[in-house]
Amino acid sequence: MISRHERANVEERTRHSRVFVRSVQPKGTKTVRRLHNTVKNFAWGTTDAIPAILGTAPDGTPCAELWLGAHPLSPSRLDTGDFEQQRSTRRSAQQGSSSSLDVKTDSSTVGPNLIEYVAGDPAGLLGQDSLRVFGPRLPFLLKVLSAQKALSIQVHPNPEQAATGFAREESQGPDLDSATRNYKDPSAKPELIYALTEFHALTGFRSRKAVRATFERLLSLSLSATSLDFLGDVISALKSVTEARAFSKAVELVLGDSRSAGFVDEVAAQDLAELPEGHISRSGTAVDPAETFHELVSDYPSDPGVLVALMLNRVHLQPGEALAMESGVLHAYLGGTGIEVMASSDNVLRGGLTNKHIDIPELGKVAKFTSARPRMVEPDRDGILLGTTEDFALQSLRCPRLTQVERRGASIALCTSGTITLTSLGSTVTLTRGQSVFIAANEPTVTADGHGDLFVATTGLETSLPFV
């Protein structure tokens, strides 16, 4: 993540890069290129939402995420079928006529990946400002995310923590592909989620008073002596002198104490009466915490992370609303479909609702153990949503009418419904649902027109194009 007030050291990122690519792009070429993207079949995904966007028939396989970008794990690939035709449209445009580019992609037209393509002309394709700040890489990753059940509770490091942690693990281990590895790269990973459907998420700690009231409600249940002792210890931790100490002790106890799983099982076996809105234990959550507990424990039985979830704000997003997650903020997506944009990083520290590695000491160093309101993000008049860093920006366009596409460096545009036509120098690219393009930084002004929805990811840099 690059702070708006302090930019991370690009040379350090570049020095640690593990991606070595070949050049496939002649310098100076200005292009809008169609993309082939990867669907991730994680078990928590829905089976129908992403196929509906792609215009394919669901087959019962979970489709959790669609990735668009240059992430090393699943970089988008360029469509080669439109290359020669696109060059001819530019020649036609120079002669004063207008041509249409509307190519149906298939496996026979899959070309080089986006990492290889960018390596051919990083200054032209990414822009000089992006190259100077982020190095020769696409700094953002665009996704469609669709969750049937909760993802893990997690937190991401800030730039300094990421750089330090990555350097330490590079020198001391574990190996990069180890299941116990925390830092896969030296970058931070801020995120933003834009709801396409109703979307539930956990983000940041609620007030200490509300969290304590929630755990005190559990004293009314019929619990074993061991579980009562454990609950008493959690409540005592929440009474610590400072808020930060209270939350850190409570989370460490919940995730690290051997009594925690049994306590979760005992609570899950009983009914906890719902309390009316306005009760202190419901502060900071869209539903009663008892509902959150039973939702999560049905998917994650005996998981101590269910208790961490009770400490966090629960947000219920309506379609068109957006939520940002900064470094250090514990969060989890619970269900729904949305457009997610993030810094292109793999650094995740987990805090429950998972069978993956949980490093409690490192989590304690990275997480911010202070209460905070969810960071809702409003678009500006051009439909642009910004986080607090320069890694990314997201533009949402509904039925645009010759609207300029936001570009602060390279961009990726995805049509999620209807038909959108992108125009640049007289040539056009028509996108239907599920289709996407990479737009180079050195491409002249691009406008969008049509009846449908278009999402454009770009950097969050304040400098405007052209970058030529």
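Since we're looking at a predicted model, the values are computed, not measured. (Residues numbered from 1 in each chain as written. Predicted model: local features only at pLDDT ≥ 70, side-chain atom pairs only at ≥ 80, totals over all residues. Heavy atoms only, no water.)

As for the UniProt feature "active site" (unreviewed entry) in the protein
Turning to step 1, where the next piece is worked out: As annotated by UniProt and renumbered to match this structure, "active site" (unreviewed entry) occupies Arg350.
Turning to step 2, where the next piece is worked out: The topology assignment puts Arg350 in strand β14 (residues 349-350).
Turning to step 3, where the next piece is worked out: Setting aside residues up to four positions removed in sequence, Arg350 forms contacts with Ser152, Ile153, Gln154, Lys356, His357, Ile358 and Leu363. (UniProt positions renumbered as here; feature names shortened; annotations may be inferred. Helix = DSSP H or I, 4+ residues; strand = E, 2+ residues; numbered from the N terminus. Contact = heavy atoms within 4.5 Å.)

Notes on the environment of His357
Turning to step 1, where the next piece is worked out: Along the chain, the position of His357 falls in the loop between β14 and α14 (360-366).
Turning to step 2, where the next piece is worked out: Excluding anything up to four places from it in sequence, His357 contacts Ala179, Thr180, Asn182 and Arg350.

Considerations on the pairing of strand β7 (residues 140-147)
Turning to step 1, where the next piece is worked out: Buried residues dominate β7, accounting for 8 of its 8 residues.
Turning to step 2, where the next piece is worked out: Burial of the side chains of β7 extends over both faces: Phe140, Leu142, Val144 and Ser146 are buried on one face and Leu141, Lys143, Leu145 and Ala147 on the other.
Turning to step 3, where the next piece is worked out: Pairing of strand β3 (residues 65-69) with β7, which is carried by 5 bridges, proceeds in the antiparallel orientation. Residue Glu65 lies in a different strand from β7, and its bridge partner there is Leu145.
Turning to step 4, where the next piece is worked out: Inspection of the sheet shows β7 paired to strand β13 (residues 331-343) by 8 bridges, in the antiparallel sense. Bridge pairing in β13 places Ser146 opposite Thr337. (Buried < 20%, exposed > 50% of the residue type's maximum accessible area, 1.4 Å probe, protein only. Pairing = 2+ DSSP bridges.)

Things to note about the nonpolar core
Turning to step 1, where the next piece is worked out: With 49 residues, the main nonpolar core has Phe215, Leu307 and Leu330 as its most contacted residues.
Turning to step 2, where the next piece is worked out: Looking at which domains feed residues into this core, each of domain 1 (39-73 + 109-205 + 318-393) and domain 2 (207-310) supplies at least three.
Turning to step 3, where the next piece is worked out: Apart from the residues lying within four places of it in its own chain, the contact partners of Phe215 are Leu231, Val234, Ile235, Leu238, Leu307, Leu310 and Met311.
Turning to step 4, where the next piece is worked out: One finds Leu35, Leu78, Val341 and Ala457 within the second-largest nonpolar core, a separate group that totals 35 residues. (Core = buried A, V, L, I, M, F, W, Y, C linked by side-chain atoms within 4.5 Å. Domains from an automatic or database assignment.)

A closer look at the side chain of Ser427
Turning to step 1, where the next piece is worked out: On the secondary structure map, Ser427 appears in strand β20 (residues 427-432).
Turning to step 2, where the next piece is worked out: By relative accessible area, which is 7% here, Ser427 ends up buried.
Turning to step 3, where the next piece is worked out: Separated by 2.9 Å, the side chain of Ser427 and the backbone oxygen of Ser424 make a polar contact. (Polar contact = N/O pair within 3.5 Å; in protein donor to acceptor, adjacent residues only side chain to side chain.)

Observations concerning the pattern of salt bridges
Turning to step 1, where the next piece is worked out: All chains considered together, the criterion is met by 18 salt bridges.
Turning to step 2, where the next piece is worked out: Residues Arg212 and Glu216 are paired through a salt bridge, measuring 3.5 Å at the closest nitrogen-oxygen approach. One end of the pair is Arg212 and the other is Glu216, both in helix α8 (residues 208-217) and 4 residues apart, which spans about a single turn.
Turning to step 3, where the next piece is worked out: Among the residues examined, Glu216 registers a relative accessible area of 32% and is labelled partly exposed.
Turning to step 4, where the next piece is worked out: Lys365 serves as the salt-bridge partner of Glu362, at 3.8 Å between the closest nitrogen and oxygen. (Salt bridge = Lys/Arg side-chain N within 4 Å of Asp/Glu carboxyl O.)

Focus: the packing of helix α9 (residues 225-237) against helix α10 (residues 243-256)
Turning to step 1, where the next piece is worked out: Look at α9 against α10: their axes get within 8 Å of each other, and the N-to-C directions meet at 155 degrees. Considering the angle they form, α9 stands roughly antiparallel to α10. Listed contacts from α10 to Phe230, Asp233, Val234 and Ala237 of α9 are Ala246, Lys249, Ala250, Leu253 and Val254.
Turning to step 2, where the next piece is worked out: Tallied by class, residues from the contact of α9 with α10 come to 7 nonpolar, no polar and 2 charged. (Axes fitted to C-alpha atoms, helices over the stretch in contact; angles between N-to-C directions. Parallel < 35°, antiparallel > 145°, perpendicular 65-115°, else oblique. Nonpolar A, V, L, I, M, F, W, Y, C, P; charged D, E, K, R; others polar.)

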